[in-house]
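Listed below are the residues making up each chain.
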Amino acid sequence: MPCIPPAGAALSRRILSIATRHSVAISRSFHFSPSNAAIAHPVTAHGPPPKAPSAGLEYNELMRPQDGNELHTRTAKPTPLNKRFWKSVDVKIKPEGDYQVLLDTRPVRTPAKDVLYIPPTKPHLAHLIALEWDVMTSAQQALKNHMIPLTSLAARAADIIREDANGETTTRDQIVKTAMRYLETDTLLCWVPEKNDYSVEEVDEHGRRPESLREAQMRVAKNVISFLSTMVWPGIEIRPILDSESILPVSQTQATNDIIKQWIFGLQAHDLAALERGILASKSLLVAVRLVSEWSENLRHVQRQNQKKFGIEEAAEASSLEVKWQTDMWGEVEDTHDVDKEDLKRQLGSVIVLVSGVTK
């Protein structure tokens, strides 16, 4: 009779067999490759090794000790634009009567490389341009328009004069197009609705109600429009862009647009360049036209005798009336509102300097 092993022994042998096959499968799943030795390639470069990198000029300035000890670092050589290549600035009168601004003996030129001539009736403009160049410490500053606002304006006028002499109207057409685009959204004609979050219902201790923003906008706008519709464009109708009920802007009539286009296109070169600067600074065609009309030597026929009531302060207030109304109520943000206000006045002041003149 054969000997039958117990059930437990059979089970143990079966488990051992399965484990053995599983370990073999695991060992076969790993692959090992022999490591390759590194290959040393021959050196084919000739000459000395390259120089070590050096820190930039800004790093050297930051790392320069404050106690007087010198830091031995490599510094970059200054470029010609980092220094001033002229010693003196002078204003010279040409035999024809025009003014020139000289850097030593070299005249200031426009971006088109033409000599910049200032009309005989604008000596103040010539001397202020000379002052711009006299306070510079490097030629690099002359590449920034905000450092030479009057020089850039005079150069813009010179470009218009050159185009006029050649029978070209490229710049004039461009300025007219820009001006009419600003008229469509003129800041002087955008009034807040009659009932809005800015309405003032409270009264002060004297029982008087403060002027609302809409009332201030209407007061300033009507003053400017009254001057333009009587002195500059007699009989013209200028309508507010947004009325009390509409949510879409209202366009001016075609007759109004045609009269304004023709007037802008016919301006003298210096007046046209100044008008462009005034529009871009104030975001208002009407404010810029009022400012140029009040101060231009070529528009004396529309000026009231000894009654200039629209200068830098008035133009700045008209073009930023909402900001002024808000800051009067809630206060200014230091180094923001005050800086923007002074920059606006600087640009509007350059408009007055460019267009005004003396009688010869």
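Here's a quick rundown of the structure.

Calculation notes
- In every chain, residue numbers begin from 1 and rise along the written sequence.
- Under the rules for a predicted model, residues below a pLDDT of 70 receive no local features and side-chain atom pairs below 80 are neither given nor counted, while totals for whole chains, interfaces and linings still include all residues.
- With hydrogens and water stripped out, all remaining heavy atoms of the structure feed into the side-chain values.
- Helix and strand definitions here come from DSSP, where helices need a minimum of 4 consecutive H or I residues and strands a minimum of 2 consecutive E residues; each element is numbered from the N-terminal end.
- The buried label goes to any residue with under 20% of its type's maximum accessible area, the exposed label to any with over 50%, and the partly exposed label to all in between, with areas taken from a 1.4 Å probe on protein chains only.
- Two residues qualify as a contact provided that any one of their heavy atoms is within 4.5 Å of a heavy atom in the partner residue.
- By definition, a salt bridge exists where a carboxyl oxygen of Asp or Glu is found within 4 Å of a side-chain nitrogen of Lys or Arg.
- Two strands pair if DSSP finds at least two bridges between them.
- Any Phe, Tyr or Trp ring, taking Trp's six-membered ring, that has another such ring centre within 6.5 Å forms a pair; planes under 30 degrees apart are called stacked, those over 60 apart edge-to-face, and the others tilted.

1. Some details on the environment of P107
Part 1: Along the chain, P107 turns up in strand β3 (residues 106–107).
Part 2: For P107, a relative accessible area of 23% gives the class partly exposed.
Part 3: Sequence separation between P107 and V89 is 18 residues; the distance between their C-alpha atoms is 9.5 Å.
Part 4: Residues within four places of P107 in sequence aside, it is in contact with Q100, V101, L102 and V115.

2. Examining the pattern of salt bridges
Part 1: Under the definition given, this model contains ten salt bridges.
Part 2: Among the salt bridges present, the one from R84 reaches D134, with a minimum N-O distance of 3.4 Å. With R84 in the loop between α2 (57–63) and β1 (89–93) and D134 in helix α3 (residues 123–134), the pair connects residues that are 50 residues apart, well separated along the chain.
Part 3: Relative accessible area serves as the criterion here: at 24%, R84 is assigned to the partly exposed category.
Part 4: On the basis of relative accessibility, which here comes to 40%, the residue D134 falls in the partly exposed class.
Part 5: In this structure, D164 engages R172 in a salt bridge whose closest nitrogen and oxygen atoms are separated by 3.0 Å.
Part 6: Residue D164 is classed as partly exposed on the basis of its relative accessible area of 35%.
Part 7: Residue classification places R172 among the buried residues on the basis of a relative accessible area of 8%.
Part 8: Linked by salt bridges that have partners in common, D114, D159 and R162 make up one network.

3. Some remarks on the pairing of strand β2 (residues 99–103)
Part 1: Counting buried residues in β2 gives five out of five residues, a clear majority hidden from the surface.
Part 2: Burial along β2 is two-sided: Y99, V101 and L103 and Q100 and L102, pointing in opposite directions, are all buried.
Part 3: Summarising the sheet, β1 and β2 pair through five bridges and their orientation is antiparallel. By the bridge assignment, V91 is partnered in β2 with V101.
Part 4: Taken together, β1 and the strand that follows it, β2, pair antiparallel across an intervening segment of five residues, in which G97 is found at a positive phi of about 110 degrees.
Part 5: As paired elements, β2 and β3 share two bridges and run antiparallel to each other. If you follow L102 over to β3, its bridge partner there is P107.

4. Brief notes about the packing of aromatic side chains
The relative placement of two aromatic rings is captured by the distance of their centres and the angle of their planes.
Part 1: Following the criterion strictly, the structure yields three aromatic pairs and no others.
Part 2: On the numbers, 4.8 Å between centres and 80 degrees between planes, the contact of F85 with W86 is edge-to-face.
Part 3: For the ring pair W233 and W263, a centre distance of 5.6 Å and an interplane angle of 90 degrees mean the geometry is edge-to-face. Here W263 lies in helix α7 (residues 254–265) and W233 lies in the loop between α6 (213–232) and α7, a separation of 30 residues in the sequence.

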